[in-house]
Amino acid sequence: MIDKNSIDIWAIPIHVNENKKQVDAFNFCLNKGIIGIGWETSKTISGNSIDYESIFNNYSNFIGSPKLSSFEKYVRSYNQINKDDLIWTRTGNEYYLCRFTGEKVDYYREKMSKEEIEEHDKYDIWHGLKCEFIRVGTQESVTGTIVNIFCAGGIRHFASNVEKTKEFSMRLYNKLTKTKYYDIDEELSIDIDNMKAEELEELVTKYLQVEKDLGVYTSTCKINTKTYECVMFDKHNFNKIYVQVKTGEINLEDNDYANIYNKNVFYFYSNSEKYLGNKRNNNIRIIPKYELIEFIEKMEK
């Protein structure tokens, strides 16, 4: 079994030629078993002793006018990915969990047939990480941390909520492959009261996505406000829905909340289960604590 402390978790959107649909590029990579990237070069970009400037200036055939600093930053991240690291990728709203099997491949024009060159030109894919692809499902099947990281492009190393994301990813890999490839306990402890604020917010958002069939505007998850954690929406009429999560008591008479729940549905959750003030407004929806616990139990099965 692989020690959980020996791997890292990454997110890499499949490289897309601006003239092609992402789903076509994704299927091209899926069929080859690679997470592909662009940056066409006539020298390998794999290794610890890369002369970035030399490759950039003398051995590259890049689309557009990229900067050396962008090339170097991307390739440094690429070379930090090690065997058995787990990589999240997606196509549309479908998320895949990929295990890097250890081989990094380069594709050179002079070693390819005419047909192969046409294919790689079509998608502008010239390097790749050999991976095992595991389909997970739509965003309701993953955590908010995973959804949000795709708001930025390029190779992303998980820095926020990394331990929880690593544990979630390894457990999910073991579960979907029906193996114990990663050395991690399969049972999660239900301890809502000791969750960090970010973890609790993520749990409530996922509960609302799965149990209430709500969508989420992922860009709002990064906005810091005292009145709500994120903005969600009704999938049938696209009305905005707001969410507030607290580890303490919530005062529903606060005008900051009233300005919203007088016009929109507002979901509240508090670990203390003590909600003060006006709870009779039809737009106010209280999330019972026992429902969150039942939701965790269901998701673990």
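Starting afresh in each chain, residues are numbered from 1 along the sequence in its written order. Side-chain atom pairs in this predicted model are given and counted only at pLDDT of 80 or more, local residue features only at pLDDT of at least 70, and totals for whole chains, interfaces and linings cover all residues. Working from all heavy atoms in the structure, the side-chain values ignore hydrogens and water.

Things to note about the side chain of K289
Move 1: Working definition: helices are DSSP H or I runs of at least four residues, strands are E runs of at least two. Numbering for both runs from the N terminus. Of note, K289 is situated in helix α9 (residues 289–300).
Move 2: Only 3.2 Å separates the side chain of K289 from the backbone oxygen of N271, close enough to count as a polar contact.
Move 3: Not counting chain neighbours up to four residues away, the residues in contact with K289 comprise I192, D193, Y269, N271 and E273. For this analysis, a polar contact is any N or O atom pair within 3.5 Å, provided that within protein one partner can donate a hydrogen and the other can accept it, and provided that sequence-adjacent residues contribute only side-chain to side-chain pairs. Contacts: residue pairs with any heavy atoms within 4.5 Å of one another.

A look at the packing of aromatic side chains
Move 1: Only centres within 6.5 Å qualify two rings of Phe, Tyr or Trp (six-membered ring in Trp) as a pair; their planes then separate them into stacked at under 30 degrees, edge-to-face at over 60, and tilted for everything else. Counted according to the given criterion, the structure contains 22 aromatic pairs.
Move 2: Aromatic side chains Y173 and Y182 sit 5.3 Å apart centroid to centroid with 80° between the ring planes, which places their arrangement in the edge-to-face category.
Move 3: Arranged with centres 5.4 Å apart and planes meeting at 90°, the rings of Y257 and F268 form a pair that is edge-to-face. Of this pair, Y257 sits in helix α8 (residues 255–261) while F268 sits in strand β13 (residues 265–270), and the two are 11 residues apart along the sequence. One exposure class covers both Y257 and F268, and it is buried.
Move 4: Ring-pair connections join several aromatic residues into one group, and the members of that group are Y228, Y242, Y257, Y261, F266 and F268.
Move 5: Of note, K104 hangs over the ring of Y78, and the distance from its end group to the ring centre comes to 5.3 Å. Only protein chains enter the accessibility calculation, which uses a 1.4 Å probe; a residue whose area is less than 20% of its type maximum is buried, one above 50% is exposed, and one in between is partly exposed. Consider the ring centre and the ring normal. A charge sits over the ring if Lys NZ or Arg CZ is within 6 Å of that centre and within 35 degrees of that normal.

Thoughts on helix α4 (residues 114–123)
Move 1: Of the residues making up α4, those classed as buried are I117, H120 and Y123. Around the axis of α4, the buried residues are gathered within 140° of arc, so they sit on the same side. In α4, the exposed positions angled more than 90 degrees off the buried face are occupied by K114 and E115.
Move 2: For α4, the secondary structure elements touched by its buried residues are α1 (22–32).
Move 3: Trailing α4 by a residue or two, D124 shows a phi angle of about 55°, which is positive. This arc is taken over the directions from the axis of the helix to the C-beta atoms.

A look at the sheet that holds strand β4 (residues 86–91)
Move 1: Judged by pairing direction, the sheet is mixed, and its six strands sit side by side in the order β3-β6-β5-β4-β2-β7 without closing on themselves. The two strands at the open ends of the sheet, each matched to only one other strand, are β3 (34–37) and β7 (156–157).
Move 2: Pairing between strands is defined by DSSP: at least two bridges between the two strands are required. As paired elements, strand β5 (residues 94–106) and strand β6 (residues 127–137) share nine bridges and run antiparallel to each other. Along β6, the bridge assignment pairs Y95 with G137.
Move 3: Of the strands in this sheet, β3, β4, β5 and β6 touch α1, which is tilted by about 140° from β4.
Move 4: Each of β2 (9–11), β4, β5 and β6 is contacted by helix α6 (residues 162–177), which is oriented at about 75° to β6, the strand it contacts most. Axis angles are defined between N-to-C directions and span 0 to 180 degrees, where every axis is a line fitted to C-alpha atoms and, for a helix, only to the segment in contact.

Details of the pattern of salt bridges
Move 1: Salt bridges are identified by distance alone: a Lys or Arg side-chain nitrogen within 4 Å of an Asp or Glu carboxyl oxygen. Per the stated rule, a full pass over the model turns up nine salt bridges.
Move 2: As a salt-bridge pair, R109 and E40 come within 2.5 Å of each other at their nearest N and O atoms. Taken together, the residues span a long stretch of sequence, with R109 in the loop between β5 and α4 and E40 in the loop between β3 and α2 (52–58) at a distance of 69 residues.
Move 3: Between D84 and R99 there is a salt bridge, with its nearest N and O atoms 2.9 Å apart. Residue D84 is located in the loop between α3 (68–80) and β4, and its partner R99 is located in strand β5; the two are separated by 15 residues in the primary sequence. Per residue, the accessibility class of D84 equals that of R99, and both read buried.
Move 4: One connected set of salt bridges, linked through shared partners, spans K83, D84, R99 and E132.

Quick word on the environment of Y59
Move 1: Secondary-structure assignment places Y59 in the loop between α2 and α3.
Move 2: Residue Y59 is classed as partly exposed on the basis of its relative accessible area, which comes to 30%.
Move 3: As for Y59 and F71, which are separated by 12 residues in sequence, their C-alpha atoms are 13 Å apart.
Move 4: Once residues within four sequence positions are removed from consideration, Y59 is found in contact with E40, T41, S42, K43 and S54.

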